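# Coordinates in review
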Amino acid sequence: MAAVWFTWIPRVESIRSNRFDILLWTRIGCNREFRRGSDVGEHRATLAAVAARAGVSPSTASLAFSGSGPVADATRERVLAAARDLGYAGPDPLARSLRRGRSGIVGAVIGERLLYAFRDPVAVALLDGIAEALSPSGTGLLLLSGDAQHGSPTTEQVSRMPVDVAVFATCGRDDDPLLDLFLRRGVPVVAVDGPDRPDVTVVDIDDYGGAAELARHVASLGHHRVAVAALPLRLDGRSGRVDDARRAIVGFADCRARLAATEDVFGPVPVAEAPSNVVEEGERAGRLLLAGPDRPTAIVAQSDLLAVGVIRAAEALGLRVPQDLTVVGYDGIDTPWLGERLLTTVVQPIAEKGRLTGRMVTELLAGQRPANVHLPVRLRVGTTSAPPPSR
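About the cut-offs
- Residues numbered from 1 in each chain as written.
- Predicted model: local features only at pLDDT ≥ 70, side-chain atom pairs only at ≥ 80, totals over all residues.
- Heavy atoms only, no water.
- Helix = DSSP H or I, 4+ residues; strand = E, 2+ residues; numbered from the N terminus.
- Axes fitted to C-alpha atoms, helices over the stretch in contact; angles between N-to-C directions.
- Parallel < 35°, antiparallel > 145°, perpendicular 65-115°, else oblique.
- Left-handed = near helix turned anticlockwise from the far one by under 90°.
- Contact = heavy atoms within 4.5 Å.
- Nonpolar A, V, L, I, M, F, W, Y, C, P; charged D, E, K, R; others polar.
- Buried < 20%, exposed > 50% of the residue type's maximum accessible area, 1.4 Å probe, protein only.
- Pairing = 2+ DSSP bridges.
- Expected span 1.5 Å × (residues − 1).
- Polar contact = N/O pair within 3.5 Å; in protein donor to acceptor, adjacent residues only side chain to side chain.
- Core = buried A, V, L, I, M, F, W, Y, C linked by side-chain atoms within 4.5 Å.
- Domains from an automatic or database assignment.

### Section: unusual backbone geometry
It is generally the case that most residues other than glycine have a negative phi and that most peptide bonds are trans. A cis amide bond links Gly-194 to the next residue, Pro-195, at an omega of 5°. Along the chain, Pro-195 turns up in the loop between β6 (189–192) and β7 (201–205). Cis peptide bonds are those with omega within 30 degrees of zero, and the linkage from Val-321 to Pro-322 qualifies with 15°. Tracing the backbone shows Pro-322 in the loop between α13 (304–316) and β12 (326–328). Of note, the phi angle at Asp-193 is positive, near 65°, even though the residue is not glycine. Look at Asp-331: it is not a glycine, yet its phi comes out positive at around 135°. Within the secondary structure, Asp-331 sits in the loop between β12 and β13 (345–347).

### Some points on the packing of helix α12 (residues 279–290) against α13
When two helices pack together, their arrangement is given by the angle between the helix axes and the distance between those axes. Where α12 contacts α13, the axes come no closer than 6 Å and their chain directions differ by 50°. It follows from the interaxial angle that α12 and α13 lie oblique. Crossing geometry of α12 relative to α13 is assigned as right-handed. Together, Val-279, Glu-281, Gly-282, Glu-283, Gly-286, Arg-287 and Leu-290 of α12 and Leu-305, Leu-306, Val-308, Gly-309, Val-310, Arg-312, Ala-313 and Ala-314 of α13 make up the contact between the two elements. A breakdown of the residues in the contact of α12 with α13 according to their chemical character gives eight nonpolar, three polar and four charged.

### Points about the pairing of β6
Here β6 shows a buried face lined by Val-189 and Ala-191 and a second buried face lined by Val-190 and Val-192. Across three bridges, the pairing between strand β5 (residues 165–168) and β6 is parallel. Counted as the bridge partner of Phe-168 is Ala-191 from β6. Sheet topology places β6 next to β7; three bridges connect them, and they run parallel. Bridging across to β7, Val-192 finds its partner in Val-203.

### Quick look at α13
Over its 13 residues, α13 extends 19 Å from the first C-alpha to the last, a length consistent with the 18 Å expected when each residue adds 1.5 Å. Burial within α13 is extensive, with ten of its 13 residues counted as buried. The complete set of buried residues in α13 reads Asp-304, Leu-305, Leu-306, Ala-307, Val-308, Gly-309, Val-310, Ile-311, Ala-313 and Ala-314. Taken together, the buried residues of α13 touch α6 (121–134), β8 (226–230), α12, β11 (298–301), β12 and β13. You can read the cap of α13 off the contacts: a side-chain oxygen lies 3.5 Å from the backbone nitrogen of Leu-305, and it is on Ser-303.

### Some points on the nonpolar core
Residues Val-167, Val-190, Ile-299 and Val-361 are the most contacted members of the largest nonpolar core, which totals 74 residues. Counting residues per element, this core draws most heavily on α13, which supplies seven residues. A domain split of this core shows at least three residues from each of domain 2 (103–205 + 351–375) and domain 3 (207–348). Leaving out residues up to four positions away in the same chain, Val-361 has contacts with Val-106, Leu-134, Val-165, Val-167 and Val-190. Counting residues in each nonpolar core, the second largest holds 18 residues, with Met-161, Val-187, Val-189 and Ala-191 among its members.

Set out below in structure tokens:
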């Protein structure tokens, strides 16, 4: 298996513009070696060949392309004509940037498969905000999947990637090996929602405070039998009910904080873990939590996508939301699946968080160390929460 760079202009509807390029690191089934740039075969023209054809030295040819040196107009035109004849497009911009000590690339680590980055509205809005802030600097994003089970680059491959700053864009795991790799290489790291470490710049939200306010809202309605549809506790594909051993190895700060806040209000509650933050997995978690005679009267989902899935599961069982079951979420994204209903949720400033992350990256590129940022969230009471049904 080899690897290849390619540039992709996003066409995802949720991304508001085409103002940035995203470099995807992927794997392809072929036997060619890794190359920079386009596939130009074994006989790519070189600067030396252009210089020889134009009758000048390689250094003069290089100055002719850069436009920064004392090269006569006639000489420059002769070099450019030779380049056109040989099909030479100019010096490799990546190699040139590496000679300057900068690649112009920011690595963005996505915790799950890369497809997740374009299915989750939170990830899309976050990446768009990062790109918006980076756009004036001409910096590109290199998306890296952190899911080793689905073809992500190995730590050895990542160690050879020329990145100026690394961003853990979708809540890095506390013990992520890529984090330690970047730090050992001296690559500055910005973490979105974690991990929170002294050597990492962090932008996060008040996960605990938002989840606690949400739980208090549910409790104020009179609910006592409450369950949680949880985000992945680790990226190992596991789903189902969460036992004490699983709780002890929660790898993500946001999931841990939201669960702790809920249980500080209600005490220990049943938890069903979703292996991925998608509607379908929320539906599976909802069916599991609603099975049996002593079902909960309220389910706290750790994301809006999971909450939509829980509502689907409830309605498939003949339950009405909110008359028979209260369902609440977290994030504040649009939920067109619910029609006219408005999900009760915690709204976080996703786009602002992305723009702040991009500005932090810009400061790190300038040799500064930005301060950590802790953003507030707010409760939005919608139409999916109500008092429990009378027995």
